[in-house]
Amino acid sequence: MADEKKRSNRAASSRNRGHAGKRPPLYAAVDLGTNNCRLLIAARKRDSFAVLDSHSQIVRLGEGLEATGRLSDASIERAMDALRKISAKLKAKKVAHVRCVATEACRRAENGPDFIKRVREEIGLTFKIISGAEEAKLAMVGCHNLVAPDVKKVLVLDIGGGSTEFSLVNAHPVQQDGLKGLLTQSPIEAWTSLPIGVVTLTEAFAHLPEDEAYPAMLGHAKGLIDKWKRAPGIREMFASGEAHVIGTSGTVTCLTGVHLGLTKYRRDAVDGQWVTEAEMMATVNRLKDAGPDGRKRFPTIGEDRAGMMLAGCAIVEAAWSLAPGGRMRVADRGLREGLLLSMMQGPPRRKRNGKKRRRRKPKPMQAQRVEAAE
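Residues numbered from 1 in each chain as written. Predicted model: local features only at pLDDT ≥ 70, side-chain atom pairs only at ≥ 80, totals over all residues. Heavy atoms only, no water.

A word on the packing of helix α3 (residues 73–93) against helix α5 (residues 112–122)
Worth spelling out the cut-off: Throughout, an axis means a line fitted to C-alpha atoms (over the contacting stretch in the case of helices), and angles, computed between N-to-C directions, take values from 0 to 180 degrees. Secondary structure elements are defined from DSSP: runs of H or I of at least 4 residues count as helices, runs of E of at least 2 residues count as strands, and each element is numbered from the N terminus. Take the far helix as the reference: if the near one is turned anticlockwise from it by less than a right angle, the crossing is left-handed, and if turned clockwise, right-handed. Any two residues whose heavy atoms approach within 4.5 Å at even a single point are treated as in contact. Under this grouping Gly is polar, as are all residues other than the nonpolar Ala, Val, Leu, Ile, Met, Phe, Trp, Tyr, Cys and Pro and the charged Asp, Glu, Lys and Arg.
Where α3 contacts α5, the two axes come as close as 11 Å, and the packing angle between them is 35°. For α3 against α5, the interelement crossing comes out right-handed. Mapping the contact onto sequence places Ile76, Glu77, Ala79, Met80, Leu83 and Arg84 in α3 and Phe115, Arg118, Val119 and Glu122 in α5. Here the residues of the contact of α3 with α5 are counted per class, giving six nonpolar, no polar and four charged.

What follows is the structure, encoded as structure tokens:
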């Protein structure tokens, strides 16, 4: 009897050791944008996640797209190089769940689908070219816990390399139920995607000297914003103090680093930081006055980003025309984080045979009709 009990205890101990030693599944999000190619690898941690590895590489995939309507051979090869490195990381980490998305450059390029097919065949990564609406939703998911408790609406600004998305968000579901509320029902009431980003706007006005290019870029960006039929109502919300902005992009985080006087970029100092319109405009003016060479010397900008910062400043200044006197919460997070949270917390995905996997709560994000620019 005693021997039997010992054997039972040893077996239970062995099972417990095996369970404790089992590594939780890893998740990865790959975002192929107009300027950058980025990866996040993470493990689920309660209702959030812990980042285990990342990769970010400037590929300038949209270089020349404005003029030709196609992805150039050189930009494709830069992207392929970045994706091979990402694929190696995914294999080394034995990542179980991977989602790869491509945005504006591949949406607009005539040869975008052919490029995505080549990536699948040569590297083994399957990308989905997502719409501007889906891009806006994922950015909101990634930034959900930056919504202040004292507002009715939030305007999410996401500046990319080839497009800029604005989303008007009902704050209540997020304030009440957090991520669960956001995934159960999309709180985006209206959105628009502007066909300008830091790469495409820079290229469109590259023929002008800088002192003429900036007002031209600013005027162009403001003109596109003014065509959005929700713009007047959004301005009224900010005038009455009912809303704030969440800014998610490399442009916004770099500007915030300059505003804070950082000697090197620090995510912990930038992410979640509040910035007023006056503070942001003072920083924009500093960068305008610094000139091309001076902008390279700001530690949070550097040489790689300096050439596109003027266009980024013009988009940021134009965006503030929607939020006069308002405040912005800066997000060093967005689409990749939204992808990870959607995989971890969202609905099950369809298998290839068409059958659904067993559902689990929370309920899937419902498709919701939203307004685009007319």
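A look at the environment of Pro25
Note the cut-off: Think of it in three bands: with a 1.4 Å probe and only protein chains considered, a residue is buried below 20% of the maximum accessible area for its type, exposed above 50%, and partly exposed in between.
Relative to the helices and strands, Pro25 is located in the loop between α1 (2–21) and β1 (26–32). What makes Pro25 partly exposed here is its relative accessible area of 43%. For the pair Pro25 and Ala43, spaced 18 residues apart in sequence, the C-alpha separation works out to 6.6 Å. Excluding residues within four positions of it along the chain, Pro25 makes contact with Ala43, Ala96 and His97.

Describing the side chain of Asp271
Just so we agree on the cut-off: Here a polar contact is recorded for every N or O atom pair within 3.5 Å, except that within protein the pair must consist of a potential hydrogen donor and a potential acceptor, and residues adjacent in sequence are included only if both atoms are side-chain atoms.
Here Asp271 is to be found in the loop between α12 (267–270) and β10 (274–276). Polar contacts involving the side chain of Asp271 include one to the main-chain amide nitrogen of Asp332, which spans 2.8 Å. Within the structure, the side chain of Asp271 is placed 2.4 Å from the side chain of Arg333, a separation counted as a polar contact. Dropping the residues within four chain positions of it, Asp271 is found in contact with Leu146, Val330, Ala331, Asp332 and Arg333.

Overview of unusual backbone geometry
Comment: phi is negative for the bulk of residues other than glycine, and the bulk of peptide bonds are trans. Residue Arg60 is not a glycine yet carries a positive backbone phi of 50°. Inspection of the secondary structure puts Arg60 in the loop between β3 (48–58) and α2 (65–68). Notably, Lys94 is not glycine yet its phi reads approximately 55°, a positive angle. Positionally, Lys94 belongs in the loop between α3 and β4 (97–102). Accessibility expressed as a relative area gives 66% for Lys94, which makes it exposed.

A look at the pattern of salt bridges
Convention followed: One side-chain nitrogen of Lys or Arg within 4 Å of one carboxyl oxygen of Asp or Glu is enough to make a salt bridge.
Counted according to the given criterion, the structure contains 25 salt bridges. We note a salt bridge from Lys128 to Glu134, for which the minimum N-O separation is 3.1 Å. For Lys128, a relative accessible area of 44% translates into the label partly exposed. Under the relative-accessibility criterion, Glu134 is labelled partly exposed at 22%.

A look at α5
In an α-helix there are 3.6 residues to a turn, and that puts residues three or four apart on one side. Heads up, the rule is: To obtain the arc, one takes the directions from the helix axis to the C-beta atoms.
The complete set of buried residues in α5 reads Gly112, Phe115, Ile116 and Val119. Looking down the long axis of α5, one finds its buried residues gathered within 100° of arc, a one-sided arrangement. α5 presents Asp114 and Glu121 as exposed residues on the side facing more than 90 degrees away from its buried surface. Summarising the contacts, the buried residues of α5 are in contact with β1, α3, β4, α4 (104–108) and β5 (127–129). Positive phi shows up at Gly124, right after α5, with a value of about 90°.

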